[in-house]
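Listed below, chain by chain, are the residues.
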Amino acid sequence: MATDYDAPRKNEEEQSEESIEELKARRHDKNSGKVDEDEAEAAESFELPGADLSHEELAVEVKPKQEDEFTCMSCFLVHHRSQLADEKKMICFDCA
Ligand SMILES: [Zn+2]
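These numbers come from a predicted model, not from an experiment.

1. What to know about the overall build of the protein
Secondary structure assignment for the protein yields three helices and four strands. Taken from the N to the C terminus, the helices and strands of the protein come in the order α-α-α-β-β-β-β. Residues classed as buried in the protein amount to 15% of the 96 residues present. Looking at the protein alone, contacts between residues at least 24 apart form 9% of all its contacts between residues at least 6 apart. Accessible surface, the protein as shown: approximately 8500 Å² in total, 51% of it carbon and sulfur.

Quick look at the structure:
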């Protein structure tokens, strides 16, 4: 029967469309305005000493953060203060 053949195909298409829609919805959430605050808060806790998770993230950087360095709120890399493009947003020149 032709309908037998078509039915499973349609389901597969619907499933993949759904996951794409889900991804799109998530991206919209991330781009909404109030994420800025969340990210800033996350970054603050991110810098707290003794946080095991942040230690893993910072393993990319060879040396620990120094007094004259800052963590970019956009790329989360540690830069020298001379690379600080926006002091309020804590963003490096690369990301500005
Ligand atoms: Zn940056």
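2. Topic: the side chain of His79
Along the polypeptide, His79 turns up in strand E2 (residues 78-80). Given the relative accessible area of 12%, His79 is considered buried. Among residues more than four places away in sequence, those in contact with His79 are Asp68, Glu69, Phe70, Cys72, Cys92 and Asp94.

3. Quick look at the coordination of the zinc ion
Binding of the zinc ion to the protein goes through Cys72 (SG), Cys75 (SG), Cys92 (SG) and Cys95 (SG), at separations of 2.3 Å. Here the donor residues for the zinc ion map to a single chain with the spacing C-x2-C-x16-C-x2-C. Residue Cys72 is found in the loop between strand E1 (69-71) and E2, and its partner Cys95 is found in the segment after strand E4 (91-92); the two are separated by 23 residues along the sequence.

4. A closer look at the pattern of salt bridges
Side-chain pairs of opposite charge can arise where the charged atoms are in close proximity. Inspection of every chain in the model, using the stated rule, returns one salt bridge. We note a salt bridge from Glu87 to Arg81, for which the minimum N-O separation is 3.9 Å. In this structure Glu87 comes out as exposed when scored by relative accessible area, which is 59%.

5. Some words on the confidence of the model for the protein
When pLDDT is averaged along the protein, the result is 73, and 46% of the positions lie at 70 or above. The element-level mean pLDDT for the protein is lowest in helix H3 (residues 52-57), coming to 56, with E4 highest at 96.

Quick notes on the rules
- Residues numbered from 1 in each chain as written.
- Predicted model: local features only at pLDDT ≥ 70, side-chain atom pairs only at ≥ 80, totals over all residues.
- Heavy atoms only, no water.
- Helix = DSSP H or I, 4+ residues; strand = E, 2+ residues; numbered from the N terminus.
- Buried < 20%, exposed > 50% of the residue type's maximum accessible area, 1.4 Å probe, protein only.
- Contact = heavy atoms within 4.5 Å.
- Areas by Shrake-Rupley, 256 points an atom, 1.4 Å probe, with all protein chains shown as cover.
- Donors = N, O, S within 2.8 Å, 3.2 Å for Na, K, Ca; no water.
- Salt bridge = Lys/Arg side-chain N within 4 Å of Asp/Glu carboxyl O.
- pLDDT = per-residue confidence, 0-100.

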